[in-house]
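If you want the building blocks of each chain, they are given just below.
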Amino acid sequence: MFKKVFKIFSIFIFFIFIVVFSNAFIDVQDKLKLELMEGYPKWLKDEFQHSDQTSGITFIGKFDNKKLFIIVDDIGAIYYLYIDKNENYSLKKIEIKGEAIKKLQLFAKMDFEDVVYDKYDKKLYVSIEGNHNNYLDEVGVYEFIFRDDNILSGEIIDIKKIEIKPKGKILEFVQNNIGFEGVTVDKKYFYLGLEGFQVGKLFADSTYIYIVDKKTKEIIKRVSTKKYKIGTICGLVSLKDKELLGVDRNAGKIFKIQFDDKFNIVFYDETNIPIQIPKYSNYLYVAAIESITVDDDNFVYCIDDPWKSFYIPPNFILKNLDDETKNYFKQYIPIIYKFNMK
């Protein structure tokens, strides 16, 4: 009898050990580990030009041995960003023409906030914030259509709003200049991150992620971030189905979320962004990291949208910087970060 009980007890303990060990192993594998790459952060510019108030970035692919990204500015500009193997940058502005410019010129502001390339359906989506009296009509996610349906054509000829249902629910917490600053996709779903709830000049301690079916455009679920103290969402990227990285601008952190099949959060981790001035790792500035993407080698890129009221460091810091760095700040050139995701 004792041997039988001992055997059952031993099997039970072994089973518990296996479960605990397996969960611990999965947890370790899933942890968010980011290492700032050598030479970063750096200025988002090439020899001739720079972007302005960049608020979104998405990885497209590799072309001619260069990594290609598309970036958007919240003043209505959109660029190709090429990065070669030596980390040299090349920017090329994408033209907005035809029906696209006719429609966008009706907006109070061409306020591009996030951009995502849907590699499954070969489409590019841009989140636009609404401004002033027509903000409820303007805010949303738009498909940007390229000439000949060729994302390399350099011309956007039309835009089409994604009509998400129910309309009242998707617009419930939108405000003037407060919309969906984080947008990404996987095989079946859109993920929309509300920038946050603003009262006066302050943001609340939480916001929402909306999960939307790509085919039906129906909201599947709205997920609160209150438990994880995510106060703002200003950029999202899909790592794989139901797994996201995001940027909380106000907290200065990158977070990782995994959902189960019912879109409950089953894993969460976060890490602080090591804010620093290019070439001056010991000096800080007032950053507003508002975009994130991941390339095909698992490198993570984040871009600072220069907050023009505070971006330039105070004089007691400026006096310790070289003239080139001072000038880059005064030109409001964005700063880009690159991390190795281990």
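What counts and what doesn't
Residues numbered from 1 in each chain as written. Predicted model: local features only at pLDDT ≥ 70, side-chain atom pairs only at ≥ 80, totals over all residues. Heavy atoms only, no water. Helix = DSSP H or I, 4+ residues; strand = E, 2+ residues; numbered from the N terminus. Polar contact = N/O pair within 3.5 Å; in protein donor to acceptor, adjacent residues only side chain to side chain. Contact = heavy atoms within 4.5 Å. Pairing = 2+ DSSP bridges. Axes fitted to C-alpha atoms, helices over the stretch in contact; angles between N-to-C directions. Salt bridge = Lys/Arg side-chain N within 4 Å of Asp/Glu carboxyl O. Phe/Tyr/Trp six-rings, centres within 6.5 Å; stacked < 30°, edge-to-face > 60°. Buried < 20%, exposed > 50% of the residue type's maximum accessible area, 1.4 Å probe, protein only. Lys NZ or Arg CZ within 6 Å of the ring centre and 35° of its normal. Arc of directions from axis to C-beta.

**Q** What am I meant to see in the side chain of T225 here?
**A** Positionally, T225 belongs in the loop between β17 (219-224) and β18 (235-240). Only 2.7 Å separates the side chain of T225 from the backbone oxygen of I230, close enough to count as a polar contact. If sequence neighbours within four positions are ignored, T225 has contacts with S206, T207, I209, I230 and I233.

**Q** Can you walk me through the sheet that holds strand β20 (residues 253-259) in this structure?
**A** Sheet strands line up and pair through hydrogen bonds in the backbone, either parallel or antiparallel. One open sheet holds the four strands; their spatial order is β18-β19-β20-β21, and the pairing between them is antiparallel. Where the open sheet ends on each side, the last strands, each with one partner, are β18 and β21 (265-272). Strand-to-strand twist in this sheet, taken as the mean axis angle between neighbours without regard to direction, amounts to 20 degrees. Inspection of the sheet shows β18 paired to strand β19 (residues 243-248) by five bridges, in the antiparallel sense. Its bridge partner being in β19, V237 is matched across the sheet by L245.

**Q** Any chance you could explain the pattern of salt bridges here in plain terms?
**A** A side chain with one charge may pair with a side chain of the opposite charge, provided their charged atoms come close. What the rule picks out here adds up to 28 salt bridges. Residue E195 pairs with R249 through a salt bridge whose shortest N-O separation is 3.0 Å. Of this pair, E195 sits in the loop between β13 (189-194) and β14 (198-199) while R249 sits in the loop between β19 and β20, and the two are 54 residues apart along the sequence. Its salt-bridge partner being K226, residue D205 comes within 3.1 Å of it at the nearest N-O pair. Separated by 21 residues along the polypeptide, D205 in the loop between β15 (202-203) and β16 (208-213) and K226 in the loop between β17 and β18 bring together distant segments of the chain. Connected through salt bridges with shared partners, the residues K62, K67, D295, D296 and D297 form a single ionic network.

**Q** Please explain the packing of aromatic side chains as it appears in this structure.
**A** To describe a pair of aromatic rings, you give the distance between the ring centres and the angle between the ring planes. Applying the stated criterion across every chain yields a total of 26 aromatic pairs. Taken together, a centroid distance of 6.4 Å and an interplanar angle of 65 degrees make the contact between Y191 and F263 edge-to-face. Of this pair, Y191 sits in strand β13 while F263 is found in the loop between β20 and β21, placing the two residues 72 residues apart along the sequence. Ring centres of Y228 and Y268 lie 4.5 Å apart, and the angle between their planes is 35 degrees; on these two criteria the pair is classed as tilted. Of this pair, Y228 sits in the loop between β17 and β18 while Y268 sits in strand β21, and the two are 40 residues apart along the sequence. Given the relative accessible area of 17%, Y228 is considered buried. Positioned above the aromatic ring of Y40, the side-chain terminus of K42 is 5.6 Å from the ring centre.

**Q** Mind showing me how you'd approach helix α6 (residues 323-330) here?
**A** An α-helix turns once every 3.6 residues. As a result, residues three or four positions apart point the same way. T325, Y328 and F329 are the residues of α6 that are buried. For α6, the angular spread of buried residues about the axis comes to 100 degrees, placing them on one side. Of the surrounding secondary structure, the elements contacted by the buried residues of α6 are β2 (42-43) and β24 (335-341). For α6, the capping residue at the N-terminal end is D322, with a side-chain oxygen 3.1 Å from the backbone nitrogen of E324. One or two positions beyond α6, positive phi appears at Y332, with a value near 55 degrees.

**Q** Would you mind going over the sheet that holds strand β4 (residues 66-73) with me for this structure?
**A** Across the sheet, which stays open at both edges, the four strands sit in the order β3-β4-β5-β6 with antiparallel pairing between neighbours. Whereas interior strands pair on both sides, the edge strands pair on one side only; in this sheet they are β3 (54-63) and β6 (89-93). Across the sheet, the axes of successive neighbouring strands diverge by a mean angle of 25 degrees, strand direction being ignored. Pairing analysis gives six bridges linking β4 to strand β5 (residues 78-83), with the strands arranged antiparallel. From the neighbouring strand, L68 faces β5, where its bridge partner is Y82.

**Q** Help me understand unusual backbone geometry, please; the structure alone is not making it clear to me.
**A** For residues other than glycine, phi is negative in most cases, and the peptide bonds are mostly trans. P41 follows Y40 through a cis peptide bond whose omega is 0 degrees. Here the amide bond leading from K165 into P166 is cis, since omega sits at -10 degrees, within 30 degrees of zero. Its identity as a non-glycine residue notwithstanding, K229 has a phi of 55 degrees, on the positive side. Residue position: K229 is located in the loop between β17 and β18. Despite not being glycine, Y332 shows a phi value in the positive range, around 55 degrees. One can find Y332 in the loop between α6 and β24.

It is worth stressing that arrangement in space is one thing and function is another; only the former is reported here.
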